[in-house]
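# Per-entry structural report
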Amino acid sequence: MFDYMMTKEQLKIRDEARDFVKWVPRQMILDMDTDKIKFPKEFLQEAARRNLMGCRYPKKWGGRDMDWVTTCMIMEEVGVIGYEFACVFGVGAELVCDAIIRHGTDEQKEKYVKPLLRGDLFAAECLTEPRGGSDFFGATTKAEDKGDYYLLNGMKRFIVGAEGADYFLVYAKTHPDAKPQESMTCFIVDRTEGVEVKYLYGLMGCRGGGTGRIIFRDVKVPKKNVVGKVQGAYAVFNTMMIPERLGTASMTIGAA
Ligand SMILES: Cc1cc2nc3c(=O)[nH]c(=O)nc-3n(C[C@H](O)[C@H](O)[C@H](O)COP(=O)(O)OP(=O)(O)OC[C@H]3O[C@@H](n4cnc5c(N)ncnc54)[C@H](O)[C@@H]3O)c2cc1C
């Protein structure tokens, strides 16, 4: 990003991001590439210690009251050391937390966003299924309303950070007969009984980022873990795609 377009504060944070990237030990990069490290917890904890994650969120939830330009600049700098670092940096702090900040309750922000930005919790986003990712609203993972909770069953794949995640942002069908865009709900799912993670893919350029397949078998999800409205996944998905696309573009510039 061009220096002359940035404010002094943005330049300062850009320098902080550059310092952080220099901190990453060479051995960590090599160990991730050979899958000796399957999920770089220390990397995320250090990013959190430097308060670099989720900088555009309000300070009250652990951010820095900054903007999209600053977010993109940080993603670009992190992308310099490799796509896998930017991916794990992005999924929890920039995507999952974005959905919770915009659509979640204060209780969810307290329980899931603040600890993630402190480096105490890790998260992954679960959209793609073995049947394909492009047809997102054709998902088959379903959550049945059981009164006090939802019963979640299904499978997701290509989930970055699955290996280390303490919780997952999961999109599932709650009303399969409705129009596709009105059929799904977004949930926070704790890594609990019935959640199985398989570290699988060995993706070139993305090894060490914890990418895995997740199977949900009769997982009980409390109703208070719905993000946004029931059957309101369309709204959550639409805003979550903003950091998804901007972040992916920025980290790719960094990697280039
Ligand atoms: C590095 C990386 C990280 C990822 N991280 C995550 C993650 O953390 N969480 C997550 O949920 N997902 C993740 N994904 C998955 C990603 O979202 C999917 O790969 C993407 O949505 C495409 O789905 P698919 O790979 O199943 O391809 P498909 O949907 O099977 O599509 C295959 C090809 O067919 C084309 N195609 C599909 N439908 C049509 C159509 N109707 N008409 C014409 N062409 C069509 C597509 O354009 C594509 O070229 C990640 C992927 C990558 C590469």
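Just above, that's the structure.
Scoring rules and cut-offs
Residues numbered from 1 in each chain as written. Predicted model: local features only at pLDDT ≥ 70, side-chain atom pairs only at ≥ 80, totals over all residues. Heavy atoms only, no water. Near = heavy atom within 4 Å. Polar contact = N/O pair within 3.5 Å; in protein donor to acceptor, adjacent residues only side chain to side chain. Areas by Shrake-Rupley, 256 points an atom, 1.4 Å probe, with all protein chains shown as cover. Helix = DSSP H or I, 4+ residues; strand = E, 2+ residues; numbered from the N terminus. Nonpolar A, V, L, I, M, F, W, Y, C, P; charged D, E, K, R; others polar. Salt bridge = Lys/Arg side-chain N within 4 Å of Asp/Glu carboxyl O.

### Considerations on the site of the ligand
- Around the ligand, the surrounding shell consists of Val-91, Glu-125, Cys-126, Leu-127, Thr-128, Gly-132, Gly-133, Ser-134, Arg-157, Phe-158, Ile-159 and Val-160.
- One of the backbone nitrogen or oxygen atoms of Glu-125 is found 3.0 Å away from a nitrogen atom of the ligand.
- Bound to the protein, the ligand loses 43% of the 980 Å² it would expose on its own.
- Contributing elements (two or more residues each) for the shell around the ligand: β1 (123–126) and β3 (149–159).
- Broken down by element, the residue count for the shell around the ligand peaks at three residues, all from β3.
- Among the residues making up the shell around the ligand, the classes are represented as six nonpolar, four polar and two charged.

### A short note on the pattern of salt bridges
- Under the counting rule described, the total for this entry stands at 20 salt bridges.
- A salt bridge links Asp-33 to Arg-207; its shortest N-O distance comes to 3.3 Å. In this pair, Asp-33 sits in helix α2 (residues 26–33) while Arg-207 sits in the loop between β6 (195–199) and β7 (212–222), placing the two residues 174 residues apart along the sequence.
- Of the charged contacts in the structure, one is a salt bridge between Glu-182 and Lys-179, with a shortest N-O distance of 3.6 Å.

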